[in-house]
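Residues per chain are reported as follows:
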Amino acid sequence: MEQGRGAQQMTREAAKERIDRIDSYGFERPDSFDYAAYEEFLSRYLVVLTRRAIKWSKLLQGNSGVEKSIRVKRYIRKGIPNEHRSLIWMIVSGAQEQLDLNPGYYQKLLEGEKNNRIVESIVTDMNRTFPDNVRFRKSAEPCLQQPLYNVLVAYGHHNQRVGYCQGMNFITGYLILITRDEEKSFWLLDALLGRILPDYYSPKMMGLKTDQEVLGQLVKMKVPAVAELMERHGVMWTLVVSRWFICLFIDVLPVETVLRVWDCLFFEGSKLLFRVALTLIKRHQAYILEAKNFPDVCEKFKEITKGSFVTDCHTFMQKIFSEPGSLPMATINKLRETSRSTLLAQDSFPG
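Residue indices begin from 1 for each chain and proceed along its sequence in written order. Side-chain atom pairs in this predicted model are given and counted only at pLDDT of 80 or more, local residue features only at pLDDT of at least 70, and totals for whole chains, interfaces and linings cover all residues. Hydrogens and water molecules were not included; the side-chain quantities draw on all heavy atoms of the structure.

## As for the overall build of the chain
A run of H or I in DSSP counts as a helix once it spans at least four residues, and a run of E counts as a strand once it spans at least two, with each numbered from the N terminus. Helix and strand counts for the chain come out as 20 helices and 0 strands. Dimensions along the principal axes, computed over C-alpha positions, put the chain at roughly 60 × 50 × 45 Å. For the chain, the proportion of its 351 residues judged to be buried stands at 50%. Taking the contacts inside the chain whose residues are at least 6 apart along the sequence as the reference set, 74% of them involve residues at least 24 apart. Of the roughly 17000 Å² that the chain leaves accessible, carbon and sulfur atoms contribute 52%. The charged-residue count follows a simple rule in which Lys and Arg add positive charge and Asp and Glu add negative charge, with His and chain termini not counted at all. Lys charges are placed at NZ, Arg charges at CZ, Asp charges at CG and Glu charges at CD. Seen as two clouds, the 48 positive and the 41 negative side-chain charges of the chain have centres 6 Å apart. Residue burial is assigned from relative accessible area. The probe radius is 1.4 Å, only protein chains are included, and a residue is buried under 20% of its type maximum, exposed over 50%, and partly exposed in between. Between two residues, a contact is recorded if the distance between any of their heavy atoms is within 4.5 Å. Reported accessibility uses the Shrake-Rupley method at a 1.4 Å probe radius. Residues are deemed covered only where the shown protein chains occlude them.

## A few points about the packing of aromatic side chains
Stacked, tilted and edge-to-face pairs are distinguished by plane angle, under 30 degrees for stacked and over 60 for edge-to-face with tilted covering the rest, among Phe, Tyr and Trp rings (Trp via its six-membered ring) whose centres lie within 6.5 Å. In the structure shown here, the tally under the stated rule is 26 aromatic pairs. Ring geometry for Tyr174 and Trp262: centres 5.4 Å apart, planes at 50°, overall tilted. One end of the pair, Tyr174, is in helix H9 (residues 168-179); the other, Trp262, is in helix H14 (residues 255-268), with 88 residues separating them in the sequence. Each of the two residues, Tyr174 as well as Trp262, counts as buried. One aromatic cluster is present, built from ring pairs that chain together Phe27, Trp89, Phe130, Phe136, Phe170, Tyr174, Trp262 and Phe266. Its end group placed over the ring of Tyr38, Arg29 keeps NZ or CZ at 4.9 Å from the ring centre. We call a charge positioned over a ring when the NZ of a Lys or the CZ of an Arg lies within 6 Å of the ring centre and within 35 degrees of the ring normal.

## Looking at the nonpolar core
Formed by 108 residues in total, the largest nonpolar core has its most connected members in Trp244, Trp262 and Phe301. With 9 residues, the top contributor of residues to this core is H14. In this structure, Trp262 is in contact with Trp89, Ile171, Tyr174, Leu175, Cys247, Leu248 and Ile250, ignoring residues within four places of it in sequence. What is meant by a nonpolar core is a set of buried Ala, Val, Leu, Ile, Met, Phe, Trp, Tyr and Cys residues, joined one to another through side-chain atoms within 4.5 Å. Counting 8 residues, the second largest nonpolar core, distinct from the first, contains Leu42, Leu46, Val48 and Cys313.

## Observations regarding a nonpolar patch on the surface
Together, Met236, Leu239 and Phe294 make up an exposed nonpolar region whose accessible area comes to about 300 Å². Looking at where Met236 falls in the secondary structure, it is placed in the loop between helix H12 (224-232) and helix H13 (237-246). Assessed through its relative accessible area of 55%, Met236 is described here as exposed. Like-charged residues are merged into a patch within 9 Å and nonpolar side chains (Val, Leu, Ile, Met, Phe, Trp, Tyr) within 5 Å, provided each residue has over 30% relative accessible area and no salt bridge. Throughout this description, the term salt bridge denotes a Lys or Arg side-chain nitrogen within 4 Å of a carboxyl oxygen of Asp or Glu.

## Details of the environment of Pro103
One can find Pro103 in the loop between helix H5 (95-101) and helix H6 (105-111). Considered as a pair, Pro103 and Ile88 are 15 residues apart in the sequence and their alpha carbons are 20 Å apart.

## Structural notes on the pattern of salt bridges
Two side chains with opposite charge may pair up if their charged atoms get near one another. What the rule picks out here adds up to 17 salt bridges. Note that Glu228 and Arg232 form a salt bridge whose closest N and O atoms lie 2.5 Å from each other. Placement of the pair is Glu228 and Arg232 together in helix H12, with a separation of 4 residues, close to one helical turn. Of the charged contacts in the structure, one is a salt bridge between Lys306 and Glu303, with a shortest N-O distance of 3.3 Å.

## Section: the environment of Thr210
Tracing the chain through its elements places Thr210 in helix H11 (residues 206-222). Between the alpha carbons of Thr210 and Ser322 there is a distance of 24 Å; along the sequence they are 112 residues apart. Apart from the residues lying within four places of it in its own chain, the contact partners of Thr210 are Arg336, Ser339, Arg340 and Leu343.

## With respect to the packing of H9 against H14
Between the N-to-C directions of two axes lies an angle of 0 to 180 degrees, each axis being a line fitted to C-alpha atoms and, for a helix, fitted only over the stretch in contact. Relative orientation of the contacting elements H9 and H14 amounts to 90°, with a least axis distance of 12 Å. The orientation of H9 with respect to H14, classified from their angle, is roughly perpendicular. Along the contact surface, H9 presents Ile171, Tyr174, Leu175 and Ile178, while H14 presents Val255, Val258, Leu259, Trp262 and Phe266. Side-chain classes follow a simple rule in which Ala, Val, Leu, Ile, Met, Phe, Trp, Tyr, Cys and Pro form the nonpolar group, Asp, Glu, Lys and Arg form the charged group, and the remainder, Gly included, forms the polar group. Across the contact of H9 with H14, the residue classes break down as 9 nonpolar, no polar and no charged. When describing relative orientation, an angle under 35 degrees is termed roughly parallel and one over 145 degrees roughly antiparallel, while 65 to 115 degrees is termed roughly perpendicular and anything else oblique.

## Examining a positive patch on the surface
A contiguous patch of positive charge on the surface is contributed by Arg51, Lys55, Lys58, Arg71, Arg74 and Lys78. Only helix H2 (35-61) and helix H3 (70-77) provide two or more residues apiece to the positive patch. Of all the elements, H2 adds the most residues to the positive patch, at 3 residues. Take Arg74: it is sitting in helix H3.

## Side note on H3
Turning to H3, its buried residues number three or more, namely Val72, Tyr75 and Ile76. Along the axis of H3, the buried residues cluster in a sector spanning 95°; they form a single face. Looking at the packing, one finds that the buried side of H3 touches H2, helix H4 (82-93) and H14. Trailing H3 by a residue or two, Gly79 shows a phi angle of about 110°, which is positive. By arc we mean the arc of the directions from the helix axis to the C-beta atoms, nothing more.

## A word on H14
Helix span, expected: 1.5 Å multiplied by one less than the number of residues in the helix. The end-to-end C-alpha distance of H14, which contains 14 residues, comes to 20 Å, matching closely the 20 Å that a straight helix rising 1.5 Å per residue would cover. Of all 14 residues in H14, 12 are buried, a share of seventy percent or more. Taken residue by residue, H14 has Val255, Thr257, Val258, Leu259, Arg260, Val261, Trp262, Asp263, Cys264, Leu265, Phe266 and Phe267 as its buried positions. One or two steps after H14, the chain reaches Gly269, where phi turns positive at roughly 90°.

Dropping the structure here:
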């Protein structure tokens, strides 16, 4: 009975959202937003959401819980209902375990001495974080800027090797929107930056640079015509995909699609980012190949992250597990090794 009521409530909320200029996460829709296409997608997706919500409720009532298993992996790939997202992310990422092992640690970080350089960098970015989200505005009640500031300051002092780096504010903002809890957001940020993403946010961002190179190699293997086009026009991968990786597709893909990607990222790890990137490139190969010059290529890469293909998050997620084909972790690790060595060698000889 409860499951049915929960599903009905979700349907009502989604129906209300149809007519709203502001989505259910607080983001203002742009003037160019295609309400008709979204309506059509939502009417289909609501059926999926209702079905998934019932299945998840049954799973969470059972004794097996959400331990890593083929069944849980399948469930996560099909989407976690919003009311269970925070809980599932915490468990599968290992964040809940860290929170349980370190009671009071987050509060101690907030009460401890502060590094002025870290604090100043965070304060500078506060107003730049989601200017299109009404919940992060100073006029909002409650305003999410304070929780965002707290989590970033705590993390900057927890991991002083990273401190604060641009991009972390957007990721933390999304975590706060979903968990509505500072301490959980802190431990999820720690899971992402400390374990899931390999060295993306260190001062030299070596992991991020490495993964951009790895993507270039994977495109060479799987979509060679696009790799050849990039080379011919002298477009470096970092120019077109750095935001994809550093912000984990925030402000690149629609919010619900980003959250579906993150569902799998927390469970399956950073390989997911390559699946998403390869799917976007492979699906739009013909369109990208129409590019005639350097600015044209950059423009095409902006355009491929818009439209109905990425809005229909459910179909999009099915595609990321089929379109890129096989993507063994062994291959990615090997490519990471060689790409990292090349980058380190370039760093040693700047001339």
